[in-house]
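Listed below are the residues making up each chain.
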Amino acid sequence: MTVTIYHNPACGTSRNTLAMIRASGIEPEVIDYLKTPPARDTIRDLAARIGVPLRALMREKGTPYAALGLQDETMTDDALLDAMEAHPVLLKRPIVVTPKGVRLCRPSEVVLEILPNPDIGEFVKEDGEIVRSGR
């Protein structure tokens, strides 16, 4: 089974999601999307597969979102994709792709919805929060 995570190693939510995937017994394909940004068609496809508008995958905090005027609701998807292509940090993370679906894993335990083996028992996030699944 192929599992892919669009990951930012500096993000705690992304690190927790990756750890949950590994706790389920899967070693995923890890794409550090800041170093290897997904193509615009891939971003468009991810949004469609998640079932959200493209804008829902845009990160505001700690990004050039406001400086680029991206809060303008009249901007086209192509304009948003142009911005995301130029500034990959605008893409929310982590996004996980499995044969069971695609999710923006915020909070990280959302990943359990699409893992083939979501029974990872008790998992302790980096901040000490406990996630219980199965068992």
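Given the structure is predicted, the values throughout are model-derived calculations rather than measurements.

Criteria and cut-off values
- Residues numbered from 1 in each chain as written.
- Predicted model: local features only at pLDDT ≥ 70, side-chain atom pairs only at ≥ 80, totals over all residues.
- Heavy atoms only, no water.
- Helix = DSSP H or I, 4+ residues; strand = E, 2+ residues; numbered from the N terminus.
- Rg over C-alpha atoms; globule rule 2.2 N^0.38 Å.
- Buried < 20%, exposed > 50% of the residue type's maximum accessible area, 1.4 Å probe, protein only.
- Contact = heavy atoms within 4.5 Å.
- Areas by Shrake-Rupley, 256 points an atom, 1.4 Å probe, with all protein chains shown as cover.
- Polar contact = N/O pair within 3.5 Å; in protein donor to acceptor, adjacent residues only side chain to side chain.

Asker: Tell me about the overall build of the protein chain, and please be specific about residues and values.
Answerer: The secondary structure content of the protein chain amounts to three helices and six strands. From first element to last, N terminus to C terminus, the protein chain shows the α and β order β-α-β-α-α-β-β-β-β. Against the 2.2 N^0.38 benchmark of 14 Å for 135 residues, the protein chain shows a C-alpha radius of gyration of 15 Å, consistent with a compact globule. In the protein chain, buried positions account for 45% of the 135 residues. When contacts within the protein chain are restricted to residue pairs at least 6 apart in sequence, long-range pairs at least 24 apart make up 55% of them. Only carbon and sulfur atoms are counted for the fraction: they give 50% of the accessible area of the protein chain, which is about 6,900 Å².

Asker: Would you mind going over the side chain of S24 in detail, with residue names and values included?
Answerer: By the element assignment, S24 lies in the loop between α1 (12–23) and β2 (29–32). The buried category is assigned to S24, whose relative accessible area is 8%. Within the structure, the side chain of S24 is placed 2.6 Å from the backbone oxygen of I21, a separation counted as a polar contact.

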